[in-house]
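An overview of the molecular structure
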Amino acid sequence: MKYRHSFHAGNFADVHKHIALLALLRALKKKDKGFLYLETHAGRGSYDLSGVPAEAAGGVGRFLEAQHEAAELREYAALIAALRAQTARRHLYPGSPLMAAAELRAQDRAVFIELQGAEAHALEQALATLTQAPDAKPSPRVERGDGFLLLKAFLPPPERRGLTFIDPPYEETQQDFREVTAAIVEATRRFPTGVLAAWYPIKDQRTIGPWQSECLRALRAALALPPAVLASELWLYPRDSRVALNGSGLLIVNPPWLTLERMQVWLPELRATLAVSADGGSSVKLLSESAR
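Residues numbered from 1 in each chain as written. Predicted model: local features only at pLDDT ≥ 70, side-chain atom pairs only at ≥ 80, totals over all residues. Heavy atoms only, no water.

**Remarks on the overall build of the protein**
- Each helix and strand in the protein was counted, giving nine helices and ten strands.
- A compact globule built from 292 residues should have a C-alpha radius of gyration of about 19 Å, and the protein, at 18 Å, falls within 12% of that.
- Excluding contacts between residues fewer than 6 apart, the proportion of contacts in the protein whose partners are at least 24 apart in sequence is 81%.
- Accessible surface, the protein as shown: approximately 12,900 Å² in total, 52% of it carbon and sulfur. (Helix = DSSP H or I, 4+ residues; strand = E, 2+ residues; numbered from the N terminus. Rg over C-alpha atoms; globule rule 2.2 N^0.38 Å. Contact = heavy atoms within 4.5 Å. Areas by Shrake-Rupley, 256 points an atom, 1.4 Å probe, with all protein chains shown as cover.)

**Points about unusual backbone geometry**
- Cis geometry marks the peptide bond from L155 to P156; its omega dihedral reads 0°.
- As for its placement among the helices and strands, P156 is situated in the loop between helix 6 (147–154) and strand 6 (162–166).
- Residues other than glycine seldom take positive phi values, yet A88 does so here, at roughly 55°.
- As for its position among the elements, A88 is in the loop between helix 3 (71–87) and strand 3 (92–94).
- The exposure class of A88 is exposed, given its relative accessible area of 70%. (Buried < 20%, exposed > 50% of the residue type's maximum accessible area, 1.4 Å probe, protein only.)

**Description of the pattern of salt bridges**
- Evaluated as defined, the whole model comprises 15 salt bridges.
- Residue R44 is joined to E119 by a salt bridge in which the shortest nitrogen-to-oxygen separation is 2.9 Å. With R44 in the loop between strand 1 (36–39) and strand 2 (46–48) and E119 in helix 5 (residues 117–128), the pair connects residues that are 75 residues apart, well separated along the chain.
- Residue classification places E119 among the buried positions, given a relative accessible area of 8%.
- Via salt bridges that share partners, R26, K29, E75 and E103 belong to a single interconnected network. (Salt bridge = Lys/Arg side-chain N within 4 Å of Asp/Glu carboxyl O.)

**Re the nonpolar core**
- Residues I184 and L270 are the most contacted members of the largest nonpolar core, which totals 90 residues.
- Apart from the residues lying within four places of it in its own chain, the contact partners of I184 are I166, L196, A198, W211, C215, L219, L251 and V253. (Core = buried A, V, L, I, M, F, W, Y, C linked by side-chain atoms within 4.5 Å.)

**Here we look at the packing of helix 1 (residues 12–28) against helix 4 (residues 96–103)**
- The geometry of helix 1 relative to helix 4 is characterised by a closest axis approach of 11 Å and an angle of 25° between their N-to-C directions. Here helix 1 lies roughly parallel to helix 4, going by the angle between them. The chirality of how helix 1 crosses helix 4 is right-handed. Residues H18, L21, L22, L25 and R26 of helix 1 lie in contact with helix 4, whose contacting residues are S96, M99, A100 and E103.
- Classifying every residue of the contact of helix 1 with helix 4 gives five nonpolar, two polar and two charged. (Axes fitted to C-alpha atoms, helices over the stretch in contact; angles between N-to-C directions. Parallel < 35°, antiparallel > 145°, perpendicular 65-115°, else oblique. Left-handed = near helix turned anticlockwise from the far one by under 90°. Nonpolar A, V, L, I, M, F, W, Y, C, P; charged D, E, K, R; others polar.)

**Overview of the packing of aromatic side chains**
- The final tally for this structure, using the stated rule, is seven aromatic pairs.
- On the basis of an interplanar angle of 65° and a centroid distance of 6.0 Å, the ring pair of Y37 and F112 is categorised as edge-to-face. Residue Y37 is found in strand 1, and its partner F112 is found in strand 4 (residues 109–114); the two are separated by 75 residues along the sequence.
- The residue whose ring lies beneath R239 is W235, and the NZ or CZ to ring-centre distance is 4.4 Å. (Phe/Tyr/Trp six-rings, centres within 6.5 Å; stacked < 30°, edge-to-face > 60°. Lys NZ or Arg CZ within 6 Å of the ring centre and 35° of its normal.)

Printed below as a string of structure tokens:
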């Protein structure tokens, strides 16, 4: 395995994706009916930032030092503080599985898929550290395997409500983009009303627009009634420098009501909080309207 997220945990891309995920989870929780949270590339779920890695210092470190106006930013800061207190780990950075497990209610379910055995075992241990009242919530399910392949085994969920999160490591960037496209189409075909979020890196601007267009074409070809698709992007460096990770993007299928409007509030504030130069920016827009 070439990629280990522990080297990048808590960077600006994590902060962007996790604030968005928390907002999506809380939007789904506005209804009493339970839902499935499915994550295809879960990782270990918990990271120790006691060494203050440079990427984390410029990401979650800078974020937690700031005062926030938008509710979504304040809620995310409060969740990190609560999980650090709950686990007695002052330098904990919660990955998306730990964050989701803390958010889900008794009527909700979570399935976390992870390919690497050591990471899956660490994830199980991280989830076990969450102190819960007996029988208050069902235990999240950790599955070892290829998230792209196993995704179809869990969709559609019996609850007929859910959020699927696709977040591969992009070790082989172009191949991963193709696999993400196929996974988005397959998940949406199986579960047309489900919410789906797919993270993607912004390393070379020239690849992003064509990839988004390909996703839309594939969805239109696969579904009689294509869904709404929203793109949320945050970049701190020139989008076409081709040096490292310049920005973070999320493609959101079937975004819940007011997701666009709320992102137009909190995303620029997050960008201002994390900015390192005038080359950064943020964008949130609907790429397509729902045909339903």
